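Listed here are the chains, written in short residue letters.
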Amino acid sequence: MIHKVGQIMVYVNNQDEAVDFWTEKMGFTVISEEDNGQGMRWIEVAPTANAETSIILHNKEFVAKMSPELNLGTPSLMFFSDNLDQLHSDLKNKQVKVGDIVTMPNGKVFNFADPEENYFAVIEKSK
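A quick note: this is a predicted structure, and the numbers were derived from the prediction, not measured.

### Some remarks on the overall build of the protein
Link 1 in the chain: Assigned secondary structure in the protein consists of 3 helices and 9 strands.
Link 2 in the chain: Secondary structure elements in the protein, listed N-terminal to C-terminal, are β-α-β-β-β-α-β-α-β-β-β-β.
Link 3 in the chain: In terms of overall size, the protein behaves like a compact globule, its C-alpha atoms giving a radius of gyration of 15 Å where 127 residues would be expected to give roughly 14 Å.
Link 4 in the chain: If you line up the protein on its principal axes, its C-alpha atoms span 45 × 40 × 30 Å.

Shown next as structure tokens:
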């Protein structure tokens, strides 16, 4: 029986650039980094060290060679925030590509892109 989403795998072209983006721009923490010495390297990042769900950054080219049947597209991730306006402003100041804040029935939301033009969203749910 599944009881939670533990890790989300994101396949990127440049792992070092992706780590810089998630840590320096988004404020995430590197939880772990593994390298099997044969080209398989992955980095686990999360909003905090004790987050229940983390993102694993995999080398897209390597994974494509190892498992050509996998869909290596970027998953649609929705992050939660308690202060969406401040986060939007902070990301703009860090030169992160962000969309406009839109009010939806369940809260305010905006999207943002990483350096590889993968888009993600953030929502502040209505109380």
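Moving on from the coordinates now.
### Re the UniProt feature "domain: VOC" (unreviewed entry) in the protein
Link 1 in the chain: The positions that UniProt labels "domain: VOC" (unreviewed entry) are, in the present scheme, residues 4-125.
Link 2 in the chain: Taken end to end, residues 4-125 is 23% helix and 39% strand, and its first and last C-alpha atoms sit 20 Å apart.

### Quick notes on the domain arrangement of the protein
How big an interface is tends to be expressed through the accessible area that disappears when the partners come together.
Link 1 in the chain: One can read the domain layout of the protein as domain 1 (1-75) and domain 2 (76-126).
Link 2 in the chain: Using only C-alpha atoms to locate each centre, domain 1 and domain 2 end up separated by 20 Å.
Link 3 in the chain: At the interface, 15 residues of domain 1 touch 13 residues of domain 2.
Link 4 in the chain: Across the domain 1/domain 2 interface, buried area totals approximately 1,300 Å², and carbon plus sulfur atoms make up 67% of it.
Link 5 in the chain: In terms of surface lost to domain 2, no three residues of domain 1 exceed Phe21, Lys25 and Pro75, which account for 38% of the buried area on that side.
Link 6 in the chain: Applying the counting rule to domain 1 against domain 2 returns 0 salt bridges.
Link 7 in the chain: The tally of links between domain 1 and domain 2 comes to 5 residue pairs in polar contact (both at pLDDT 80 or more).
Link 8 in the chain: Those elements giving two or more residues to the side of domain 1 that touches domain 2 turn out to be strand S1 (7-12) and helix H1 (15-25).
Link 9 in the chain: Of the residues forming the side of domain 1 that touches domain 2, the biggest block, 5 residues, is contributed by H1.
Link 10 in the chain: Taken together, the residues that form the side of domain 1 that touches domain 2 break down as 9 nonpolar, 3 polar and 3 charged.

### Re helix H3 (residues 84-93)
Link 1 in the chain: Turning to H3, its buried residues are Leu84, His88 and Leu91. What you see down the axis of H3 is that its buried residues fit within an arc of 70°, all on one side.
Link 2 in the chain: The positive-phi residue at the C-terminal boundary of H3 is Gln95, with phi of around 60°.

Scoring rules and cut-offs
- Residues numbered from 1 in each chain as written.
- Predicted model: local features only at pLDDT ≥ 70, side-chain atom pairs only at ≥ 80, totals over all residues.
- Heavy atoms only, no water.
- Helix = DSSP H or I, 4+ residues; strand = E, 2+ residues; numbered from the N terminus.
- Rg over C-alpha atoms; globule rule 2.2 N^0.38 Å.
- UniProt positions renumbered as here; feature names shortened; annotations may be inferred.
- Domains from an automatic or database assignment.
- Contact = heavy atoms within 4.5 Å.
- Buried area = accessible area lost by both parts, 1.4 Å probe.
- Salt bridge = Lys/Arg side-chain N within 4 Å of Asp/Glu carboxyl O.
- Polar contact = N/O pair within 3.5 Å; in protein donor to acceptor, adjacent residues only side chain to side chain.
- Nonpolar A, V, L, I, M, F, W, Y, C, P; charged D, E, K, R; others polar.
- Buried < 20%, exposed > 50% of the residue type's maximum accessible area, 1.4 Å probe, protein only.
- Arc of directions from axis to C-beta.

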